[in-house]
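Overview (structure and organization)
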Amino acid sequence: MKKTVLIIDDSLPIRYLLEVMLNRTYNVVSACDGLAAMAWLKNGNIPDLVITDLQMPNINGWELIEFMTESNLYQHIPLMVLSGVHDTKESFAHIRPGNIKTIIKKPFDPVILLDTIDHVLKAQHVPAFS
Amino acid sequence: MNTFTPELSVLKNAAPKQFEEREQTMPRQIVADSHIVLFVGQHIETPELESQGYKCFFAQDYDTAIVTIEQLQSVFRRKPGVIIYRSHTDNQKGLNAWKQFFQQDSSCACIPFLLYTEDVTPEMTAAVKKYTFIDEIITTKCLPKLASKVAFINKFKQLNAFPPLTVVGGKRKQDHKRTVNAILKRGFDIIVAGTALLVISPILLLIAAIIKLESRGSVFYAARRAGRNYQVFKFYKFRTMVADADKKLQQLQHMNQYKNGDGPVFYKVSNDPRVTRFGAFLRNTSLDELPQLFNVLKGDMSLVGNRPLPLYEASTLTTDEWAQRFLAPAGITGLWQISKRGKKEMSAQERIALDINYSNQHNFKYDMWIMANTPKALIQKDNV
C-alpha cells in the first residue's frame, strides 16, 4: 500500500509542486496550515510522514511539532521541516528534537527532497496504527 | 443596558434580592476555566497539579461527572477546562455515554477530553480513532506539561469551531477550461513541432554535418533541466561548445554577467571562449535551439512556456514567492524572450516576475499572442 505523506505549507505553489511530485509514489495529503492539518489528524488519520513549514497562520509549525512530539498518538510519526525561516536550529531551541528527521531550508532542491523522503520512510519502522 | 430582554426581567422580579446581587458578581456567561480539571474514574493523586494552581474535581463515573459539570455551571458559571478520563478494562460503555453527551451538549464539546492511562496500548489508539472527541492519550509522565498540551488543544478546538478557509486536499480537481486549454496546447505543439521538424530536416542534417566536421564530440548537447512541476528531463541543443565544456565552467566564474547580487544564480557569459566558431553562428541565429522541437514532440516541454532551467538555477527558485513559476508549462519561447529582448541587463528578478506572470494567466490565446510576437523579438535581438 502507498504510504501517506502529509504536507503542511501555507504557500500554495509549494504545496502544489510537492503534491504533483510525490503523487506518483505516495498518497499525498496537503494542508494549508497547522489547523487544517490538526483537523485532518483529528479525524483519525495517521500519516507515515509529515513535512511541515514553520511560519503559518492559525497554528504554526513550532506549535504543531511541539504537540506532535509530546503526543502519545503522534510521536512515532517522522517529521521533516521544510522552511524558509533562517536560523532554523535556533527556532527549535525550546522544542525537544523528537522525531524531526531533517530540516530543509527553502529554496530547496526537489530532487534531494525526494531522496530524503524516500530515505526517511525506508529507514523508519513505523508502528502500525490499527 | 438598554437591550430588551423580557424573560430575564420577569425572572429577576421573581427572584429574591439576595439572589439578584449574587448573580451580578458572577460572570453572566458560562466560561471554560482552564484551571479546573475534572477527573473521571479511579482517583489519581495529583499533587503536582494542585501545586500548579489547578482546581481538581473528582467523579467516580460518568453520571457523577455530569452532575459535577452541571453544578459547576449553575453555581460557579464555569465549565471545566479539561476532562481527564481514567481508562479501565471496559472503556466502551463509559465512552459511549460521553459520546452521546458531547453530541447533545455542543457547548461542552470544546472541552479538551484526555484519556488517562498507565501505558498506551494499540486498543487505546484504536479507541481514539473511534471516539473522535478524545483529544489525546496521556500518562503520568505528561502531567507536568499538561498546561501547554491543554492550551494547544483548546486553541485548536476554538479555531476549529469556526474554521477559516482551510484547505486539506489530496488530488486536485482539473477544471474544464484548463483541460480544454491543455488539449489545444498539446495539439498545437504536436502539429507545429512535427511539421517544422519535417520541413527543416535538410537544414538539421546540414548543421549536424558541420558540427561533426568542425570539432570532436557529439552533434547534440543534452543537459538535465527542470520543466513543469520540476520534472527533470534531457534538454536537447546542437553542441556549440567544445566537448567537456561543462567542466570548464568553474574556471569562468569571474566572467559571469549575473555574479553581482545575492539573488538566484544565473550563468551567462559574454564571448565565452569555449564556444566554437560555427557554434557562435548557431547561437547568434538561435539555430542551436532547434533540437528542442524534439523535446516538444516528446512532451517534455511546449512551444510556449517558461524557460526550463538548468538544475543549479532551478533549485534556487523553490521559495514561497517564486515556486509558482514551476507550475506553468516549460517552453521554447515565452514572455521573457519577447520582452526587452536585445537588452543584456534584464535582472534575474525581472525574469522570474515574467515567469510568474505567465504562470498566473497562461491560456491558449495568450500562447498564440506570444508565438506571434516571437519572430519580431528574434529579429531585434543582438548577441544575447
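Residues numbered from 1 in each chain as written. Chains lettered and ligands numbered in written order. Predicted model: local features only at pLDDT ≥ 70, side-chain atom pairs only at ≥ 80, totals over all residues. Heavy atoms only, no water.

If you check an unreviewed UniProt entry, chain A appears there as Response regulator from Chitinophaga agri.

A few points about the packing of aromatic side chains
Given two aromatic rings, one states the distance between the centres and the angle between the planes to describe the pair. Residues and elements named next belong to chain B. Under the defined criterion, the tally for this structure stands at 20 aromatic pairs over all chains. Plain terms: the ring middles of Y62 and W98 are 5.2 Å apart, the flat faces sit at 85° to each other, and that makes the pair edge-to-face. Here Y62, found in helix α4 (residues 62-76), pairs with W98, found in helix α5 (residues 91-104); they are 36 residues apart in sequence, far enough to count as distant. Taking relative accessible area as the criterion, Y62 reaches 23% and is therefore assigned partly exposed. Stacked on the ring of F326, the Lys or Arg R325 has its end atom at 5.1 Å from the ring centre. We note R351 situated over the ring of W336; from NZ or CZ to the ring centre the distance is 4.0 Å. (Phe/Tyr/Trp six-rings, centres within 6.5 Å; stacked < 30°, edge-to-face > 60°. Helix = DSSP H or I, 4+ residues; strand = E, 2+ residues; numbered from the N terminus. Buried < 20%, exposed > 50% of the residue type's maximum accessible area, 1.4 Å probe, protein only. Lys NZ or Arg CZ within 6 Å of the ring centre and 35° of its normal.)

Here's the deal with the interface of chain A and chain B
Across the boundary between the two partners, chain A contributes 44 residues, which contact 46 residues of chain B. Roughly 3900 Å² of surface becomes buried between chain A and chain B when both sides are summed, with 63% attributable to carbon and sulfur atoms. Counting the contacts that link chain A with chain B gives four salt bridges. A salt bridge links B:D320 to A:K106; its shortest N-O distance comes to 2.7 Å. There are eleven residue pairs in polar contact (both at pLDDT 80 or more) connecting chain A and chain B. Of all the secondary-structure elements, those providing two or more residues to the side of chain A that touches chain B are α1 (12-22), β2 (27-31), α2 (34-42), α3 (61-70) and α4 (110-123) of chain A. With nine residues, α1(A) is the single largest residue contributor to the side of chain A that touches chain B. (Contact = heavy atoms within 4.5 Å. Buried area = accessible area lost by both parts, 1.4 Å probe. Salt bridge = Lys/Arg side-chain N within 4 Å of Asp/Glu carboxyl O. Polar contact = N/O pair within 3.5 Å; in protein donor to acceptor, adjacent residues only side chain to side chain.)

Side note on the pairing of strand β1 (residues 4-8) of chain A
Residues and elements named next belong to chain A. When you tally the buried positions in β1, you get five out of five residues, the bulk of the element. Residues T4, L6 and I8 of β1 are buried on one face, and the alternating residues V5 and I7, pointing to the opposite face, are buried as well. When β1 meets β2, the two strands line up parallel, connected through five bridges. Bridge pairing in β2 places T4 opposite N27. In this fold, the crossover linking β1 to β2 by way of α1 has right-handed handedness. (Pairing = 2+ DSSP bridges. Right-handed = clockwise from strand over helix to strand, strands pointing away.)

Some remarks on the sheet that holds strand β7 (residues 220-226) of chain B
Judged by pairing direction, the sheet is antiparallel, and its three strands sit side by side in the order β8-β7-β10 (chain B) without closing on themselves. Of all the strands in the sheet, the pair left with one neighbour each is β8 (232-238) and β10 (309-310) of chain B.

Looking at the UniProt feature "modified residue: 4-aspartylphosphate" (unreviewed entry) in chain A
In the UniProt entry, the feature "modified residue: 4-aspartylphosphate" (unreviewed entry) is given for A:D53. Non-local contacts of A:D53, meaning those with residues more than four positions away in its chain, are made with A:I8, A:D9, A:D10, A:G61, A:L82, A:S83, A:G84, A:K106 and B:D320. (UniProt positions renumbered as here; feature names shortened; annotations may be inferred.)

Side note on the nonpolar core
Ranked by internal contacts, the top residues of the largest apolar core, which has 69 residues, are A:L6, B:I83, B:I84, B:W98 and B:F113. The dominant element in this core, judged by the number of residues it contributes, is α2(A), at six residues. In this structure, B:W98 is in contact with B:V40, B:Y62, B:A65, B:I66, B:I69, B:I83, B:Y85, B:F113 and B:F133, ignoring residues within four places of it in sequence. Residues B:F233, B:V296, B:V304 and B:I332 belong to the second largest nonpolar core, which totals 31 residues. (Core = buried A, V, L, I, M, F, W, Y, C linked by side-chain atoms within 4.5 Å.)

Concerning the packing of α4(B) against α5(B)
All names here are of chain B. At a minimum axis separation of 10 Å, α4 and α5 run at an interaxial angle of 30°. In terms of orientation, α4 and α5 fall into the roughly parallel class. Listed contacts from α5 to Y62, A65, I66 and I69 of α4 are A97, W98 and F101. (Axes fitted to C-alpha atoms, helices over the stretch in contact; angles between N-to-C directions. Parallel < 35°, antiparallel > 145°, perpendicular 65-115°, else oblique.)

Some words on the packing of α2(A) against helix α7 (residues 146-161) of chain B
Packing of α2(A) against α7(B) brings their axes to within 10 Å, and their N-to-C directions diverge by 95°. With respect to each other, α2(A) and α7(B) are oriented roughly perpendicular. Note on element contacts: α7(B) touches α2(A) through B:F152, B:F156, B:L159 and B:N160, opposite A:L35, A:M38, A:A39 and A:K42.

So, α3(A)
Residues and elements named next belong to chain A. Within α3, seven of the ten residues are buried, which leaves it mostly tucked inside the rest of the structure. Those residues of α3 that fall on the buried side of the exposure criterion are G61, W62, L64, I65, F67, M68 and T69. By the N-cap criterion, in which a side-chain oxygen at the helix start approaches the backbone nitrogen of a residue two or three places on, α3 is capped by N60, the distance to W62 being 3.1 Å.

Digging into the pattern of salt bridges
This structure, assessed with the given rule, holds 15 salt bridges over all chains. Between B:E289 and B:K237 there is a salt bridge, with its nearest N and O atoms 3.6 Å apart. With B:E289 in the loop between α9 (277-284) and α10 (292-298) and B:K237 in strand β8, this pair connects stretches of sequence that are 52 residues apart. Per residue, the accessibility class of B:E289 equals that of B:K237, and both read buried. When the shortest N-O distance is used, the salt bridge between B:R307 and B:E289 registers 2.7 Å. Taken together, the residues span a long stretch of sequence, with B:R307 in the loop between β9 (302-304) and β10 and B:E289 in the loop between α9 and α10 at a distance of 18 residues. Because the salt bridges share partners, they merge into one network encompassing A:D9, A:D53, A:K106 and B:D320.

Here we look at the sheet that holds strand β5 (residues 136-138) of chain B
Through backbone hydrogen bonds, the strands of a sheet pair up, either in parallel or in antiparallel fashion. Residue and element names in this part refer to chain B. Sheet architecture is open: five strands sit in the order β2-β1-β3-β4-β5, paired in parallel fashion. Here the strands that pair on one side only, and so sit at the sheet edges, are β2 (55-59) and β5. Each strand of the sheet is rotated relative to its neighbour by a mean of 35°, with strand direction disregarded.

Concerning the pairing of strand β4 (residues 79-83) of chain A
All names here are of chain A. In terms of burial, β4 is a largely internal element, five of the five residues being buried. Neither face of β4 is open: one carries L79, V81 and S83, the other M80 and L82, and all of them are buried. Two strands pair when backbone bridges link them, and strand β3 (residues 49-52) and β4 are joined in this way by three bridges, in the parallel orientation. Bridged to T52 within β4 is V81. Handedness of the crossover joining β3 and β4 through α3: right-handed. Pairing of β4 with strand β5 (residues 100-105) involves five bridges; the strand directions are parallel. Following the sheet pairing, V81 is matched in β5 by I103.

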